[in-house]
Amino acid sequence: MWALGAWVLLGAVCAGSAQLQFNVIKSVEQTICNQTVILPCIVTNLAQKNTKVMFVKWKLEKKEFFSFSGETEMSHTNENFSSAKLESLQNLKLGVASLTISKTQAVPGNYSCEVTESNREGETVIELVYRIVSWFTPIENSLIILFMVLAILFYWIQLAITVSKFETTLLKISLFIAGVVISVFAVVGFSLLISDEFMPENQIGLGLIVLPAVILVPSQYFLLQKVCENNLSLAIGVVVLESLGYLIAVIGFGLCVTACRPINGAVVIAGLAIMALTPVVGLIHAILTRSSKKDQASTHN
Ligand SMILES: *[C@@H]1O[C@H](CO)[C@@H](O)[C@H](O)[C@H]1NC(C)=O
Ligand SMILES: *[C@@H]1O[C@H](CO)[C@@H](O)[C@H](O)[C@H]1NC(C)=O
Ligand SMILES: *[C@@H]1O[C@H](CO)[C@@H](O)[C@H](O)[C@H]1NC(C)=O
């Protein structure tokens, strides 16, 4: 008897072919970068393709907040979802009942989309998940910091090696101050650059890392003049390369600074890498000339 009842019930459901079917999407992700959120809801087996006979309801955790009547072409929202509207009115008759909501009104949770076409209806549930994203990836952040630290470190090493060779204290002090300034900007920049979720401070941080690095270019020239003594063309070559690195880093900064999810992080990193590694040429040169001088000195003895 019970089985018969169930069979009759099931038969009734199937006979009316009352169910609308959906392109099932379990969840969509929202990040800080989404200005609007689109909750997809796509019916795959509409029969009439006529907006007039359709009705759409959206609920969040079982509470209705949006409805659209195809007959009157009017939608109704509750106050917390005043921005909600169908993604595309024209495509509703093709089965697209997706909803757009402004970023400020979208709350994470399980949304259900209920569509009616004459006497057929169906419902699909979609979860809106909020995902925290940082501005750059952790690897990009690490590389930016690494190369900037190297650039500053090599600068200080060169200064330490050559400091005794400067006759004028003014230049010595200027180079020392340049090193302190660039180090302070970089440290402040690092602390602003890193955060779990994207914030405008991240952009200021990158600016503080990249833009003041211009100080390194002329300072490097004065240092290399001493390091490379009799090889001015090497000093000039290194400085030209360093300027090129700076230019690339600034271009990269410009490309990244307006994007919520920068895709050109590699350009900034490449520029900083060139800035960090070119002084090594000067250092190697200094070490080589020093050791060759030592060799000469030892052969003289
Ligand atoms: C948020 O934006 C991303 C990238 O543009 C997009 O793929 C995703 O579908 C959006 N999320 C929602 C819920 O609209
Ligand atoms: C709107 O949101 C507030 C706070 O979350 C809630 O108390 C209120 O019941 C909501 N209004 C409706 C109509 O759901
Ligand atoms: C949405 O529903 C899924 C499955 O029922 C559940 O795992 C999840 O926790 C729900 N999400 C929220 C925000 O309630």
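Residues numbered from 1 in each chain as written. Chains lettered and ligands numbered in written order. Predicted model: local features only at pLDDT ≥ 70, side-chain atom pairs only at ≥ 80, totals over all residues. Heavy atoms only, no water.

Can you lay out the site of ligand 2 for me, pointing to particular residues and giving the numbers?
Near ligand 2 you find K63, N78, E79 and N80, and these make up its full shell. At a separation of 3.4 Å, an oxygen atom of ligand 2 approaches a polar side-chain atom of N78. Relative to its unbound accessible surface of 360 Å², ligand 2 loses 38% to contact with the protein. Residue classes in the shell around ligand 2 are distributed as no nonpolar, two polar and two charged. (Near = heavy atom within 4 Å. Polar contact = N/O pair within 3.5 Å; in protein donor to acceptor, adjacent residues only side chain to side chain. Areas by Shrake-Rupley, 256 points an atom, 1.4 Å probe, with all protein chains shown as cover. Nonpolar A, V, L, I, M, F, W, Y, C, P; charged D, E, K, R; others polar.)

Quick rundown of the sheet that holds strand β3 (residues 54-60)? Include the residues and the values.
As summarised here, the arrangement of the six strands in space is β1-β9-β8-β3-β4-β5, forming an open sheet in which the pairing is mixed. The open sheet terminates on both sides in strands that have one partner only, identified here as β1 (27-30) and β5 (74-77). Here the strands of the sheet are splayed against their neighbours by 20° on average, with no regard to which way each runs. (Pairing = 2+ DSSP bridges. Helix = DSSP H or I, 4+ residues; strand = E, 2+ residues; numbered from the N terminus. Axes fitted to C-alpha atoms, helices over the stretch in contact; angles between N-to-C directions.)

Tell me about the side chain of S195, and please be specific about residues and values.
Tracing the chain through its elements places S195 in the loop between α3 (169-193) and α4 (200-210). Within the structure, S195 has its side chain in polar contact with the backbone oxygen of E197 (distance 2.8 Å). If sequence neighbours within four positions are ignored, S195 has contacts with S134 and N202. (Contact = heavy atoms within 4.5 Å.)

Hey, could you go over the confidence of the model for the chain for me, with residue numbers and the actual values?
Within the chain, residue pLDDT values average 88, and 89% of them lie at 70 or more. Here residues 4-16 scores under 50 on pLDDT; set against residues more than four positions off or in separate chains, the count is one contact. (pLDDT = per-residue confidence, 0-100.)

Please give an account of the environment of G122 that cites residues and values.
Tracing the sequence through the fold places G122 in strand β9 (residues 120-130). A relative accessible area of 7% places G122 in the buried class. Distance from G122 to F22, taken between C-alpha atoms, is 7.9 Å for residues 100 residues apart in sequence. Not counting the four nearest positions on each side in its chain, G122 is found in contact with Q19, L20, F22, C113, E114 and V115. (Buried < 20%, exposed > 50% of the residue type's maximum accessible area, 1.4 Å probe, protein only.)

Any details on the packing of α3 against α4? Residues and values, ideally.
Where α3 meets α4, the axes come as close as 7 Å, and the angle between the chain directions of the two elements is 155°. By the angle between their axes, α3 is roughly antiparallel relative to α4. By crossing handedness, the relation of α3 to α4 is classed as left-handed. Between α3 and α4, the contacting residues are F185, A186, V188, G189, F190, L192 and L193 on the first element and E201, N202, I204, G205, L206, L208 and I209 on the second. The residue inventory of the contact of α3 with α4, partitioned by class, reads ten nonpolar, three polar and one charged. (Parallel < 35°, antiparallel > 145°, perpendicular 65-115°, else oblique. Left-handed = near helix turned anticlockwise from the far one by under 90°.)

Go over the packing of helix α2 (residues 138-162) against α3, please, and point to the residues and values.
Contact pair α2 / α3: the axes reach a minimum separation of 11 Å and the direction vectors enclose 165°. If you check the angle between α2 and α3, you find them roughly antiparallel. Between α2 and α3 lies a crossing whose hand is left-handed. In contact with N141, I144, I145, M148, V149, I152, Y155, W156 and L159 of α2, α3 contributes L175, F176, A178, G179, V180, I182, S183, A186, F190 and L193.

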